[in-house]
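Residue-level listing of the chains:
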Amino acid sequence: VGSEMCIRDRNCMVTLGTQRRTAMGMSYNKLWKLLIDKKMKKSDLRKRAGISSSSLAKLTKDENVTTEVLGKICQELQCDIADIMEFVPDPEEQE
């Protein structure tokens, strides 16, 4: 009641009454480092994990993807979710 939600870049901002809370953004830098360690290209991951090119593009831009996509990647790379992504603070929201 009285709440609104908006998406700004890769972060989600929720306004509840007079309080404003900002969720942290996501970073998939860990995934790209893991691919380098495994000598694997992004296109190889896309094919082997069975994810779409649009999902891969979203990952490259640190945008939201489904948990199904993240699960397929983790299964292919035999890793945990924390090995491929992390939440990072929004620099615009820090004072």
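How each quantity is defined
Residues numbered from 1 in each chain as written. Predicted model: local features only at pLDDT ≥ 70, side-chain atom pairs only at ≥ 80, totals over all residues. Heavy atoms only, no water. Salt bridge = Lys/Arg side-chain N within 4 Å of Asp/Glu carboxyl O. Helix = DSSP H or I, 4+ residues; strand = E, 2+ residues; numbered from the N terminus. Buried < 20%, exposed > 50% of the residue type's maximum accessible area, 1.4 Å probe, protein only. Arc of directions from axis to C-beta. Contact = heavy atoms within 4.5 Å. Core = buried A, V, L, I, M, F, W, Y, C linked by side-chain atoms within 4.5 Å.

K.L.:
Hey, could you go over the pattern of salt bridges for me, with residue numbers and the actual values?
P.N.:
Taken as a whole and judged by the stated rule, the model has two salt bridges. Residue glutamate 76 is joined to arginine 48 by a salt bridge in which the shortest nitrogen-to-oxygen separation is 3.0 Å. Residue glutamate 76 is located in helix H4 (residues 67-77), and its partner arginine 48 is located in helix H2 (residues 42-49); the two are separated by 28 residues in the primary sequence. One salt bridge in this structure joins glutamate 68 and lysine 72, with 3.9 Å as the shortest N-O distance. Highlighted residues: glutamate 68 and lysine 72, both in helix H4, separated by four residues, approximately one helical turn.

K.L.:
Pulling in residues and values, what's your account of H4?
P.N.:
All buried positions along H4 are accounted for by Val69, Leu70, Ile73, Cys74 and Leu77. Burial along H4 is one-sided: seen end-on, the buried residues are contained in an arc of 135°. Exposed positions of H4 whose direction lies more than 90 degrees from the buried face are Thr67, Glu68 and Gln75. The elements touched by buried residues of H4 are helix H1 (29-37), H2 and helix H3 (53-60). One or two residues past the end of H4 sits glutamine 78, with phi positive at roughly 55°.

K.L.:
Describe in detail the nonpolar core, supporting the description with residues and values.
P.N.:
Buried together is how nonpolar side chains tend to be arranged in soluble globular proteins. Counting 20 residues, the largest nonpolar core has Tyr28, Leu31, Leu45, Leu59, Ile73, Leu77 and Ile84 as the members making the most contacts within it. Secondary structure elements with two or more residues in this core: H1, H2, H3 and H4. With five residues, H4 is the largest single contributor of residues to this core. Beyond its immediate stretch of four places on either side in the chain, isoleucine 84 contacts Ser27, Tyr28, Lys30, Leu31, Leu34, Leu70, Ile73, Cys74, Leu77 and Cys79.

Shape is all these values report; function is a separate question.
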